[in-house]
Amino acid sequence: MVQTTLHQHSEAQVLQGRPVYIIDGARTPFIKARGKPGPFTPVDLAVQCGRPLLLRQPFHPSDFDEVILGCVSVISDEMNPARIAALRLGMGDSMPAFTVQINCGSGMQSIDTAYKYIRAGNADLILAGGAEALSHAPLFFRRQAVEWFASLNRASSLAQKIKSLAAFKPGYLKPVIGLLRGLTDPVVEMNMGQTAEKLAYLFDITRQQADEYAVASHSRLHRAQQEGFLQNEIEPAFSSCGQVFEHDDGVRPDSSLEKLAKLSPAFEPPHGKVTPGNSSQITDGASWVILASEDAVNRYKLEPRAIIKDSEWSALSPSIMGLGPVLSSTAIMKRHQLTLDNIDLWEINEAFAAQVLACLKAWNDTDFCKSVLGLEQPMGEMDQSILNVDGGAIGLGHPVGTSGNRIVLHLVNAMHRLDKKNGIATECIGGGQGGAMLIEKV
Amino acid sequence: MKVDVLEHVENLNQYGPTYTSVKPNWLSRLDERSILWLQLDKQDSSANTLSEDVLQELSEILDDIDNKSPTALVIGSAKPKGFCAGADIKSFKSHDESEMANMLHRGHAVLDRLASLDVPTVAVIHGHCLGGGLELALACQQRIGVKNGLEMGFPEIRLGVHPGLGGTYRLTRLINPVTAMTMMLTGKSAYDRQTKSQGLVDDLVESRHVENAVCAAIEKGVRKRRRKFSNFMLNTLAVRKFAAKKMRAESEKKAPSTYYPAPYALIDLWEKFGSSTHKMQAAEIQSFASLITSETARNLVRIFFLHQSLKNQAKARADIQHVHIIGAGSMGGEIAGWCAMQGLKVTLSDQQAEPVAKAVNNTGQLCRDKHRTGAETRDTLDRLIPDMRNDGLENADLIIEAVPEKIDIKKKLYQTIEPRMKANAILVTNTSSILIEKLTDGLRNPARFMGLHFFNPVSKMLMVEAIAHDNTSTDVVERILAFTRDIGKIPVQVASYPGFLVNRALTPYLLEAIVMLEEGIDKTRIDEIAKNFGMPMGPVELIDQIGLDICIHVADMLADLLDKPMARIPDNVRKKAENGELGKKSGKGFYQWENGKIKRDKKSTSKQETNIPDDHLTDRLILPMLDACVECHRLGIVKDPDHLDGAMIFATGFAPFRGGPIHYARTRGANEIVTTLEKLSQQHGERFKPDQGWQSL
């Protein structure tokens, strides 16, 4: 079933290096894609939440050593969005900035890269983020249509032109939707929803369980909004045409089992279990986290909110990419001799309800834990009250390059609110990978 | 420490060509192709102007040109700011008509000499190329524009004249004559790509390609460029007659011929002499010499210098890069957008997100209205940072408070913000109606607090009142004056006085209009009368623009604080405001408004009051405003009466050709005005009683 074994870093290797602190962070509201390009590009979003974040820091924006931004669907006007964002944020001409891409893990990859640079002593202060505007995902011409355009361009004589024109087929006008292609794995030729269907089948997750999970996710997010738990996390976004977005707008407080039951399977109709209602939403959003060394903390008198203890990336067959969190989180827990009991809060990105539930089931499966994770005993049953306490991508949406950043930011905020010590943020990654990060509250 | 590499690289000079000084105002070099490059470098000045000595020296250089026998002549500028900002207006001041004509003849001779050289002549133009500067460029055979910031135009009409160094006939010959006339009649410049499409320049290149472009132009230039047939046709007598008629009608709307003779003189010139350069040249000289010595031009030139002197008040550096604005209402929002557009970092704070979003939207719209590029608009909006947590306060160099006009609210706010301000940050209030010293107690450091009163709409109104209180430090005043100048506004220092200067002077004028309405005089007639005097907008329309609520608020405050009686606001007008008929912003005031414009009734009905002569009504409207200005002058509210005139012109549009209220009052005669006021006072009440300041005016 899983052909991957965990590669183990020695503990000494991990604990070497300087401590790395999370100082602050902010994100935009997550704005549901509504069938047309939204008001913000990826960089616009990064600027919207970056400006207020930088404004409240006691140091100057140009004091950063580096900017790293995760972004999957880079639009053609914004190649290397990290650098464009850095410049637009007034961080100065001399600010190095690069963009990272590991699909759904990109926003965490930026934090991890920053973490490792600071840990190794290469940098002291890094702005690491994620930005995604899935509503701006492009429409492409079909390959045959592009060839037709080219032949028309090459035609020099009138006769050739007429001949080329005549070769036109109406089908050429039908665009290829970039987003759908992007969410399909080219190696196993399954789209992401199908990988969730596969996990639901393998781990026997029912449609009702997935729907129940989705309802809970919406209601947790709704409660968090009502109670103001997200107030110190979200910065309102102002569009150039005068709109203001203050809240994640994908939440459905009235979501219920009855309503979700009515939805048809989106990916494998008519028998599948994965519906739009129990999947993450397609959404635009950006998020930043500031990471600092001890030196930077002292120099600028910063107040660390958390310390990054460890991180891990794992990989497995793309067809079951949803199990990625189990591999990467377990690797960290093993390295630090931690059990589920030692982790006070979890953020597992909700790509699909069935996928999250499959992860939980895998940890509770003796066979799986033994053969795949190399554990004598199963990890056990995770208490769902400490998992995604304020909802997740099912209600918020999943701007792919941003989500990994958001779950780290939110984990830090939730640990402070609930006064918890240890937390893990982890996500599954399209293409068959998983990323995880162990965070400790300061 | 991070190094600005770009700045260092751009300052590397050793790779550029070296010029030597040949005349006090001219640099030159002869390159290996024997091209003679001249650069205008007006001594002791940051910008070039075309003064008599500059032209005289050019004439000497041209005299010497046969000895050098260059293959071509190139004229450029050594000033980073631009090619040439125009004629030296100072030299116009002292001449009478015949002296003026003589001076013009000398100038024409030099430019004609340049125009008739045998070798190719090329003007290389960057930045401003205005008025006389453009006339110099037009005398060259070809013009090469340098991209980014190129501005070419004839702003002379704003000074009450038209081009006088050959511009009228050279431009109408070079480009589409109707476009040329429109440029000169409106005084509007052409920018960057426009200059190329209109044919003002033959080529438009990056500064790094100037050398190659000049060589290409010289090569090409041997072949004489032919005039476009359409341009030739448009310059025929029949077309000129037809177009001139339309131009006169258009001009009459903007600048009535009674007060502004220049546009009509220009139209006559072209209509009559458009087909002969010689005749047009002679007529241009005559017409210019007569216009420049007219009352209108003298007053408009005076305003030009008032503008300069107000702008140049500030000697210090503002040292303000980050402005924090509290209150995103219409004033706060507009100030924020304006500052962001001028390149400053702006944080805009409000308790609500919606007004901030509106400010962002309006700023985007303003950028588009001002033809900013997409990237410029984006950068402006990036600099305008919505700040819902007031975080910008701590790093800002200047904090502008624009919260509601309540002393308590403002003082309470200051208590919370002052401790968070940087040590050298300045706090200003945009109050229009509260005396500044009423806000100082409770401040830890009142020395860094003052008033800075912007006018609505901020993007259009140049004037800003700077109001210090007794304990404001001079350093803070200096920095605020410099800041105002840096953002392209004109500061006028005003003492803390009810309504400061502008509202103090304007309110009696607006109130009198309301009284007239009550008497049954038609609103359009009232507005017409004011416009006939030379105001840009009638008082009734202005009330609707400002907002009835604000007018009433200011009027009540003045009535409360001043000893002088004010006209009483009738109850039904107050009721109107209470019912939400506030004017433009609510769609209905005294006028009906639609899409920001007045919806005109087909025919105004009441005409029974026509027996009252216009002059009487004009005096009733204008004299109370003059009287208030005299009062402010007597009390020293504005120290320099010239500044007072400038303030009223730039803030209210007070008939510019009349030179300002004090200047107008002096011209008309204080005694005559006092007599009239006394008569009005008997007829209409105490509010017309002349101020004691008239005696010493």
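It should be emphasised that the depicted structure is a prediction, and the values quoted were computed from it without experimental measurement.

1. Focus: the overall build of chain B
Argument step 1. Counting its secondary structure elements, chain B contains 28 helices and 21 strands.
Argument step 2. For 697 residues, the compact-globule estimate of 2.2 N^0.38 gives 26 Å, and the C-alpha radius of gyration of chain B, at 28 Å, lies within 12% of that figure.
Argument step 3. When its C-alpha atoms are laid out on the principal axes, chain B stretches across 80 × 75 × 45 Å.
Argument step 4. Residue pairs in contact within chain B that sit at least 24 positions apart in sequence constitute 71% of those at least 6 positions apart.

2. Brief notes about the overall build of chain A
Argument step 1. For chain A, the count of helices and strands is 16 helices and 16 strands.
Argument step 2. A compact globule built from 442 residues should have a C-alpha radius of gyration of about 22 Å, and chain A, at 22 Å, falls within 12% of that.
Argument step 3. With respect to the three principal axes, the spread of C-alpha positions in chain A is 75 × 55 × 45 Å.
Argument step 4. Here chain A holds 442 residues, and the buried ones make up 53% of them.

3. Some points on the UniProt feature "domain: Thiolase N-terminal" (unreviewed entry) in chain A
Argument step 1. When the UniProt feature table is mapped onto this chain, "domain: Thiolase N-terminal" (unreviewed entry) is found at residues 20–295 of chain A.
Argument step 2. Within the segment residues 20–295 of chain A, helix and strand shares are 37% and 18% respectively, and the terminal C-alpha atoms sit 10 Å apart.

4. Points about the UniProt feature "domain: 3-hydroxyacyl-CoA dehydrogenase NAD binding" (unreviewed entry) in chain B
Argument step 1. With numbering matched to this structure, UniProt assigns "domain: 3-hydroxyacyl-CoA dehydrogenase NAD binding" (unreviewed entry) to residues 322–495 of chain B.
Argument step 2. Taken end to end, residues 322–495 of chain B has its terminal C-alpha atoms 27 Å apart, with 36% of it in helix and 21% in strand.

5. What to know about the interface of chain B and chain A
Argument step 1. In this assembly, 22 residues from chain B lie in contact with 19 residues from chain A.
Argument step 2. Of all elements in the fold, only β13 (345–349), α16 (353–369), α17 (374–383) and β14 (384–386) of chain B reach the threshold of two or more residues within the side of chain B that touches chain A.
Argument step 3. With eight residues, the single largest contributor to the side of chain B that touches chain A is α16(B).
Argument step 4. Taken together, the residues that form the side of chain B that touches chain A break down as nine nonpolar, four polar and nine charged.

6. Comments concerning helix α6 (residues 167–174) of chain B
All names here are of chain B.
Argument step 1. Across the eight residues of α6, six count as buried, placing the element largely inside the fold.
Argument step 2. The complete set of buried residues in α6 reads Gly 167, Thr 168, Tyr 169, Arg 170, Leu 171 and Thr 172.
Argument step 3. Lining the buried residues of α6 we find α5 (132–138), α7 (177–186), α12 (262–273) and α13 (277–292).

7. A closer look at the environment of Thr484(B)
Residues and elements named next belong to chain B.
Argument step 1. Mapped onto the elements, Thr 484 comes out in helix α19 (residues 474–486).
Argument step 2. Taking C-alpha positions, Thr 484 is 19 Å from Asn 503, a pair spaced 19 residues apart along the chain.
Argument step 3. The residues contacting Thr 484, other than those within four sequence positions of it, are Val 464, Ala 466, Lys 489 and Pro 491.

8. Structural notes on the UniProt feature "active site" (unreviewed entry) in chain A
All names here are of chain A.
Argument step 1. Per the UniProt record, the feature "active site" (unreviewed entry) sits at Cys 104, His 398 and Cys 428. Of the residues just listed, which span 325 residues, no C-alpha pair is farther apart than 11.8 Å, and they cluster in one region.
Argument step 2. Positionally, His 398 belongs in the loop between α15 (393–396) and α16 (400–418).
Argument step 3. Assessed through the 28 C-beta atoms surrounding it within 10 Å, His 398 is described here as buried.
Argument step 4. Mapped onto the secondary structure, Cys 428 falls in strand β15 (residues 422–429).

9. Concerning the sheet that holds strand β4 (residues 72–77) of chain B
Residue and element names in this part refer to chain B.
Argument step 1. Spatially, β1-β2-β3-β4-β6-β8-β11 is the arrangement adopted by the seven strands of the open sheet, whose pairing is mixed. The open sheet terminates on both sides in strands that have one partner only, identified here as β1 (20–23) and β11 (203–205). Strand after strand, the sheet turns through a mean of 25 degrees between neighbouring axes, direction not considered.
Argument step 2. Where strand β8 (residues 142–146) lies against β11, three bridges are found, and the strand directions are parallel. Note on β11: the bridge partner recorded for Val 146 is Val 205.
Argument step 3. Of the strands in this sheet, β1, β2 (26–30) and β3 (35–40) are in contact with helix α2 (residues 52–63), which crosses β1 at around 100 degrees.

10. A short note on the pairing of strand β3 (residues 66–70) of chain A
Residues in a regular strand project their side chains so that they alternate between the two faces of the sheet.
Residues and elements named next belong to chain A.
Argument step 1. Most of β3 is tucked away, with five of its five residues classed as buried.
Argument step 2. Burial along β3 is two-sided: the face carrying Glu 66, Ile 68 and Gly 70 and the face carrying Val 67 and Leu 69 are both buried.
Argument step 3. Two strands pair when backbone bridges link them, and β3 and strand β5 (residues 125–133) are joined in this way by five bridges, in the parallel orientation. Residue pairing across strands places Gly 70 opposite Gly 130, the latter belonging to β5.
Argument step 4. Traced from β3 through helix α3 (residues 81–88) to strand β4 (residues 97–100), the parallel crossover comes out right-handed.

11. Observations regarding the pairing of strand β12 (residues 283–293) of chain A
All names here are of chain A.
Argument step 1. Counting buried positions along β12 yields eleven of eleven residues, so the element is predominantly enclosed.
Argument step 2. The side-chain alternation of β12 yields two buried faces, one formed by Thr 283, Gly 285, Ser 287, Val 289, Leu 291 and Ser 293 and the other by Asp 284, Ala 286, Trp 288, Ile 290 and Ala 292.
Argument step 3. Bridging between strand β1 (residues 20–27) and β12 involves seven bridges; their strand directions are antiparallel. Residue pairing for β12: Ala 26 is matched across the bridge by Trp 288.

12. Let's talk about the domain arrangement of chain B
Argument step 1. Per the domain assignment, the segments of chain B are domain 1 (16–293), domain 2 (322–493) and domain 3 (502–696).
Argument step 2. When each unit is reduced to the centre of its C-alpha atoms, the spacing between domain 1 of chain B and domain 3 of chain B is 43 Å.

13. Focus on the environment of Ile407(A)
Residues and elements named next belong to chain A.
Argument step 1. Relative to the elements of secondary structure, Ile 407 occurs in helix α16.
Argument step 2. Along the primary structure Ile 407 and Met 108 are separated by 299 residues, whereas in three dimensions their C-alpha atoms are 8.4 Å apart.
Argument step 3. Those residues within four positions of Ile 407 in sequence are excluded, and the remaining contacts are Glu 347, Asn 349, Ala 425 and Glu 427.

14. Section: the sheet that holds strand β9 (residues 151–153) of chain B
Sheet strands associate in pairs through backbone hydrogen bonding, adopting either a parallel or an antiparallel arrangement.
Residue and element names in this part refer to chain B.
Argument step 1. Across the sheet, which stays open at both edges, the four strands sit in the order β5-β7-β9-β10 with mixed pairing between neighbours. For this open sheet the edge positions go to β5 (82–84) and β10 (190–191), each flanked by a neighbour on one side alone.
Argument step 2. Here β5 runs beside strand β7 (residues 128–130); their pairing, made up of two bridges, is parallel. Its bridge partner being in β7, Cys 84 is matched across the sheet by Cys 129.

15. Remarks on the packing of helix α20 (residues 502–518) of chain B against helix α26 (residues 641–652) of chain B
Residue and element names in this part refer to chain B.
Argument step 1. Where α20 meets α26, the axes come as close as 10 Å, and the angle between the chain directions of the two elements is 65 degrees. In terms of crossing hand, the pair formed by α20 and α26 is right-handed. On the side of α20, the interface is formed by Val 502, Ala 505 and Leu 506, while α26 contributes Ala 647, Met 648, Ala 651 and Thr 652.
Argument step 2. Residue composition of the contact of α20 with α26, by class: six nonpolar, one polar and no charged.

16. As for the environment of Tyr264(B)
Residues and elements named next belong to chain B.
Argument step 1. Looking at the element boundaries, Tyr 264 is found in helix α12.
Argument step 2. A sequence separation of 13 residues divides Tyr 264 from Ser 251, and the C-alpha atoms of the two residues are 8.0 Å apart.
Argument step 3. Once residues within four sequence positions are removed from consideration, Tyr 264 is found in contact with Arg 248, Ser 251 and Ser 257.

17. Section: the confidence of the model for chain B
Argument step 1. For chain B, the average pLDDT comes to 93, and 97% of its residues sit at 70 or higher.
Argument step 2. Scoring of the predicted complex yields 0.90 for pTM and 0.90 for ipTM.

18. Points about the packing of helix α23 (residues 548–561) of chain B against helix α24 (residues 571–578) of chain B
Axis angle and axis distance: for two packed helices, these are the angle between their axes and the distance between the axes, and together they describe the pair.
Residues and elements named next belong to chain B.
Argument step 1. Across the interface, α23 lies against α24 with an axial gap of 9 Å and an inter-helix angle of 130 degrees. Put simply, α23 runs oblique to α24. With respect to the hand of their crossing, α23 and α24 are arranged in left-handed fashion. Side by side, α23 and α24 meet where Leu 548, Asp 549 and Ile 552 of the first sit next to Arg 574, Lys 576 and Ala 577 of the second.
Argument step 2. For the contact of α23 with α24, the residue count by class is three nonpolar, no polar and three charged.

19. Observations concerning unusual backbone geometry
Argument step 1. The omega torsion of the bond from Pro269(A) to Pro270(A) falls at 0 degrees, within 30 degrees of zero and hence cis.
Argument step 2. By the element assignment, Pro270(A) lies in the loop between α10 (257–261) and β12.
Argument step 3. Here the amide bond leading from Asn456(B) into Pro457(B) is cis, since omega sits at -5 degrees, within 30 degrees of zero.
Argument step 4. Along the chain, the position of Pro457(B) falls in the loop between β17 (449–454) and β18 (463–467).
Argument step 5. Unlike most non-glycine residues, Asn103(A) shows phi in positive territory, near 55 degrees.
Argument step 6. In this structure, Asn103(A) sits in the loop between β4 and α4 (106–120).
Argument step 7. Since 24 C-beta atoms lie within 10 Å of it, Asn103(A) is described here as buried.

Conventions used here
- Residues numbered from 1 in each chain as written.
- Chains lettered and ligands numbered in written order.
- Predicted model: local features only at pLDDT ≥ 70, side-chain atom pairs only at ≥ 80, totals over all residues.
- Helix = DSSP H or I, 4+ residues; strand = E, 2+ residues; numbered from the N terminus.
- Rg over C-alpha atoms; globule rule 2.2 N^0.38 Å.
- Contact = placed C-beta atoms within 7 Å.
- Buried ≥ 20, exposed ≤ 12 C-beta atoms within 10 Å, placed from the backbone.
- UniProt positions renumbered as here; feature names shortened; annotations may be inferred.
- Nonpolar A, V, L, I, M, F, W, Y, C, P; charged D, E, K, R; others polar.
- Pairing = 2+ DSSP bridges.
- Axes fitted to C-alpha atoms, helices over the stretch in contact; angles between N-to-C directions.
- Right-handed = clockwise from strand over helix to strand, strands pointing away.
- Domains from an automatic or database assignment.
- Left-handed = near helix turned anticlockwise from the far one by under 90°.
- pLDDT = per-residue confidence, 0-100.
- Parallel < 35°, antiparallel > 145°, perpendicular 65-115°, else oblique.

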